[in-house]
Amino acid sequence: MNVIQLTIDGKKVVVSEGTTLLEAAKSIGVTIPSLCYMKLDDLNFENRPGSCRICVVEVEGRRNLAPACCTPCADGMVVQTHNLRVIQARRTVLELILSNHPFDCLICAKSGKCDLQALAQQLGIRQIHYSGEKSHYKCDASPAILRDMDKCILCRRCVTACNEVQTVGVLSPVYRGFHSVVAPAFEMDLDHSNCTYCGQCVAVCPTGALTEQDNTWMVLDALVAPGKTVVVQTAPAVRAALGEEFGLPPGTLVTGKMVAALRQLGFKYVFDTDFAADLTIMEEGTELLDRLKRHLEGDATVKLPILTSCCPGWVKFFEHQFPELIDIPSTAKSPQQMFGAVAKNYFAKQLGIDRKDLVVVSVMPCLAKKYECSRPEFSTDGDPDVNISISTRELAQLIRHANIDFNMLADEEFDHPLGESTGAGVIFGTTGGVIEAAVRTAYEVFTGQPLPRVDFDVLRGMEGIRCATIDFAGTPIHIGIAHGLGHARRLLEEIKAGVSSYHAIEIMACPGGCIGGGGQPYHHGNVEVLKKRAAALYREDANKCIRKSHENPYVMALYQQFLGKPCGELSHQLLHTHYFDRKGSSLVE
Ligand code: FES
């Protein structure tokens, strides 16, 4: 590859051919402001439409300023990134963007975390010299995501996330000029589209145009409702990211502080979704072993590979886009819904109360979990198994509401019995974690031998598609892993074409898995943040006394006292589900 030499702000820079001015400047510690530009390093995705022009720089010999994010370096270039002309141009661009923006920053859900607001601060905008007509669009409120396109700056990061990263194909620019808007086809509501509610559009949106459906007030209402017992479950990935909302570095584990905060908020019982993750392994692992044994015995009717089914964004994706494969995924419910089913049908009885008087709240890294709670098959007589789902960000908001000094909290433990989990349950929160947890159990059940080593490094990492072969004492088991729906699509196409050689595939909708969920503290695609969150979960796993789901004594007791056996009659009724062909349910196919 050719090497290029140029000068940026008086410093000599050597870069390889194809490097943009933005990247070259970054390599010498010069940060050029950007808005529409977005790069997901390890995932190989970039959004550089060059539409916002915030990143303009002066290139000697050129009449016009150049957008640094999409201008390749050339030999001998002399570039100024912050002279007066450049700064004035950026201020003008920003004022023009702001001239068509609602001035409700004080009450905007994104206030304090908005890239546009931060840029206005950075450039010292105190006045907007332009006025004119403003765009007005209706708000679109789905069960998981709110679209307020009056706040959209047409940066198209969401379009890249939806179309290129996730290949869902719901969001795209429609109309032209002043009337341009990013929307589903025919401007239909998200609810009527193929949207998976993965929330990756929310995760990358620089403004308040795309946010989660805020359920914090529903939680506050439930906590003071007379006659209600309110329990909370917390997903594994939440503990690895919640601290970021309180100024702690990414990857800080705050499990004990999170439990203490939830107790202070008024939850009667603080439980762990990781318990249900262990339960998921018992059910999904049993299904895997059953299909595997029948396959090895030559039963040609067996459907392999088995696909994990913990992720509601992924479930909605295959229901819309691969309905011909709906009998391939495991029928095990997600850990969120398994927890809800056990809480409403077992724990409520233990407390001697009606299931309708038990309110189950979930804290999830995910926005699709909000939608999942509203699926009718997860309700009994109109009473949902999980009543309210909030994101990691919403939990942080509740903690701030209550004036709790999070960083000063002393660690506390989860309540029993539904708060006890193994290391296998903890790693559900990261890509590769569900299948590693399944392998830990499946190996020992299949071979009848203890695992020589609990950690499966070969299943870990951040590459979008990974594969590994695990030796089950002489029987090679082929495992596939995909995170991000675009990567999942590639494995599904292989299955559809009949060329997949995997026995089991783990799929998570969000890049990085749940740690990169649409409800996590904003990381805007920074893979380093995801790696630190994943490392935190592996640390918690390594520190657990019990690291295999089938050794969780509380899960075993639940089977003995209530459920019977994995995939037995009652566990099938309560812990398994079915899927729907949604191909015809949307106008966008
Ligand atoms: Fe370069 Fe928007 S960040 S044009």
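Residues numbered from 1 in each chain as written. Predicted model: local features only at pLDDT ≥ 70, side-chain atom pairs only at ≥ 80, totals over all residues. Heavy atoms only, no water.

Some words on the overall build of the chain
The helix and strand inventory of the chain stands at 18 helices and 22 strands. Taken over the C-alpha trace, the chain has a radius of gyration of 25 Å; the compact-globule value for 589 residues is 25 Å, and the two agree within 12%. Dimensions along the principal axes, computed over C-alpha positions, put the chain at roughly 75 × 60 × 50 Å. Here the chain holds 589 residues, and 59% of them are scored as buried. A sequence separation of at least 24 residues applies to 74% of the contacts in the chain between residues at least 6 apart. Looking at charge distribution, the chain has the averaged site of its 58 positive side-chain charges lying 5 Å from that of its 67 negative ones. (Helix = DSSP H or I, 4+ residues; strand = E, 2+ residues; numbered from the N terminus. Rg over C-alpha atoms; globule rule 2.2 N^0.38 Å. Buried < 20%, exposed > 50% of the residue type's maximum accessible area, 1.4 Å probe, protein only. Contact = heavy atoms within 4.5 Å. Lys, Arg positive; Asp, Glu negative; His and termini not counted. Charge placed at Lys NZ, Arg CZ, Asp CG, Glu CD.)

Quick notes on the side chain of Glu 95
Looking at the element boundaries, Glu 95 is found in helix α2 (residues 84–99). The buried charged residue Glu 95 lacks any salt bridge partner; its closest oppositely charged side chain belongs to Arg 91, at an N-O distance of 4.7 Å. Among residues more than four places away in sequence, those in contact with Glu 95 are Ile 125, Gln 127, Ile 128, His 129 and Tyr 130. (Salt bridge = Lys/Arg side-chain N within 4 Å of Asp/Glu carboxyl O.)

Section: unusual backbone geometry
Residue Pro 305 follows Leu 304 across a cis peptide bond; omega there is 0°. The peptide bond linking His 416 to Pro 417 adopts the cis configuration, its omega dihedral lying at 5°. Secondary-structure assignment places Pro 417 in the loop between α12 (392–401) and α13 (423–426). The backbone phi angle of Asp 9 is positive, close to 50°, even though this residue is not glycine. Mapped onto the elements of the fold, Asp 9 is located in the loop between β1 (3–8) and β2 (11–16). The phi torsion at Asn 403 lies on the positive side, around 60°, for a residue other than glycine. Mapped onto the elements, Asn 403 comes out in the loop between α12 and α13.

Focus on the environment of Val 529
Relative to the helices and strands, Val 529 is located in helix α16 (residues 527–543). When the C-alpha positions of Val 529 and Gly 516 are compared, they lie 8.8 Å apart, and in sequence the two are 13 residues distant. Setting aside its immediate chain neighbours within four residues, Val 529 contacts Glu 244, Pro 250 and His 523.

Details of helix α10 (residues 335–351)
Remark: the principal bend of α10, roughly 40°, maps to Ala 343. Across the 17 residues of α10, 14 count as buried, placing the element largely inside the fold. Positive phi appears at Gly 352, one or two residues downstream of α10, with a value of about 75°. (Bend = angle between axes of the 7 residues up to and from the residue.)

Observations regarding the sheet that holds strand β15 (residues 306–307)
Ordered in space as β15-β22-β21-β20, the four strands form an open sheet in which the pairing is mixed. Lying at the two open borders of the sheet, with one neighbouring strand each, are β15 and β20 (465–472). Sheet topology places β20 next to strand β21 (residues 475–483); eight bridges connect them, and they run antiparallel. Residue pairing for β21: Asp 471 is matched across the bridge by Pro 476. The strands touched by helix α14 (residues 433–447) within the sheet are β20, β21 and β22 (504–508), with β20 carrying the most contacts at an inclination of about 15°. (Pairing = 2+ DSSP bridges. Axes fitted to C-alpha atoms, helices over the stretch in contact; angles between N-to-C directions.)

Section: the sheet that holds β1
An order of β2-β1-β7-β5-β6 is seen for the five strands of this open sheet, with the pairing classed as mixed. Each having just a single partner strand, β2 and β6 (66–67) make up the two edges of the open sheet. Running over the sheet, α2 touches β5 (56–59) and β7 (78–80) and is turned about 150° from β5.

Digging into the packing of helix α8 (residues 273–296) against α10
At a closest axis distance of 8 Å, the pairing of α8 and α10 adopts a crossing angle of 100°. On the basis of their axis angle, the class for α8 and α10 is roughly perpendicular. Facing Thr 273, Ala 276, Ala 277, Leu 279, Thr 280 and Glu 283 of α8, the residues of α10 in contact are Pro 335, Gln 336, Met 338, Phe 339 and Val 342. Split into classes, the residues belonging to the contact of α8 with α10 amount to seven nonpolar, three polar and one charged. (Parallel < 35°, antiparallel > 145°, perpendicular 65-115°, else oblique. Nonpolar A, V, L, I, M, F, W, Y, C, P; charged D, E, K, R; others polar.)

What about the UniProt feature "domain: 4Fe-4S His(Cys)3-ligated-type" (unreviewed entry) in the chain?
Per the UniProt entry, the sites bearing "domain: 4Fe-4S His(Cys)3-ligated-type" (unreviewed entry) are residues 85–124 in this numbering. With 57% helix and 0% strand, the stretch residues 85–124 has end C-alpha atoms that lie 16 Å from each other. (UniProt positions renumbered as here; feature names shortened; annotations may be inferred.)

Digging into the layout of surface pockets
In this structure, the largest pocket spans a volume of roughly 890 Å³. Lys 26, Ser 34, Tyr 37, Lys 39 and His 524 are, among the 26 residues lining the largest pocket, the residues nearest its centre. Contributions of two or more residues to the lining of the largest pocket are made by α1 (21–27), β3 (38–40), α3 (115–122) and α16. Broken down by element, the residue count for the lining of the largest pocket peaks at four residues, all from α3. In terms of residue class, the lining of the largest pocket is built from 11 nonpolar, seven polar and eight charged. (1 Å grid on protein atoms, 1.4 Å probe; cavity = no way out; pocket = protein on both sides within 12 Å on 5 of 7 lines; lining within 4 Å. Points joined across faces, edges and corners; volume = space filled by probe spheres on them.)

A short note on empty space enclosed by the protein
Counted by the stated rule, this structure contains seven cavities of 30 Å³ or more. Approximately 270 Å³ is the volume attributed to the largest cavity. Along its surface, the largest cavity is lined by 27 residues, and Cys 310, Cys 311, Lys 369, Phe 428 and Cys 514 are the ones closest to its centre. Among the elements of the structure, α8, α9 (312–321), α10, α11 (368–373) and β22 are those that each provide at least two residues to the lining of the largest cavity. Of the residues in the lining of the largest cavity, the class split is 20 nonpolar, six polar and one charged.

A look at the pattern of salt bridges
The final tally for this structure, using the stated rule, is 40 salt bridges. Ionic pairing is found between Lys 138 and Asp 189, a salt bridge with its closest N-O pair at 2.6 Å. Of this pair, Lys 138 sits in the loop between α3 and β8 (140–141) while Asp 189 sits in the loop between β11 (181–183) and α5 (200–204), placing them 51 residues apart in sequence. Exposure remark for Lys 138: the relative accessible area of 54% places this residue in the exposed category. Asp 189 sits in the partly exposed class, given a relative accessible area of 25%.

Here's the deal with the nonpolar core
Counting 80 residues, the largest nonpolar core has Ile 145, Leu 242, Leu 262, Phe 267, Trp 314, Leu 395 and Ile 399 as the members making the most contacts within it. Examining the composition of this core, we find that six residues originate from one element, helix α7 (residues 255–265), more than from any other. Excluding residues within four positions of it along the chain, Leu 242 makes contact with Val 254, Met 258, Thr 392, Leu 395, Ala 396, Ile 399 and Phe 406. By size, the runner-up hydrophobic cluster in this structure holds 27 residues, among which are Ala 276, Phe 339, Leu 558 and Leu 563. (Core = buried A, V, L, I, M, F, W, Y, C linked by side-chain atoms within 4.5 Å.)

A word on the packing of α7 against α12
Running from N to C, α7 and α12 cross one another at 55°; their axes reach a closest spacing of 10 Å. By the angle between their axes, α7 is oblique relative to α12. Classified by chirality, the crossing of α12 by α7 is left-handed. Two secondary-structure elements touch here, α7 through Met 258, Ala 261, Leu 262 and Leu 265 and α12 through Leu 395, Leu 398 and Ile 399. Looking at the contact of α7 with α12 residue by residue, the classes come out as seven nonpolar, no polar and no charged. (Left-handed = near helix turned anticlockwise from the far one by under 90°.)

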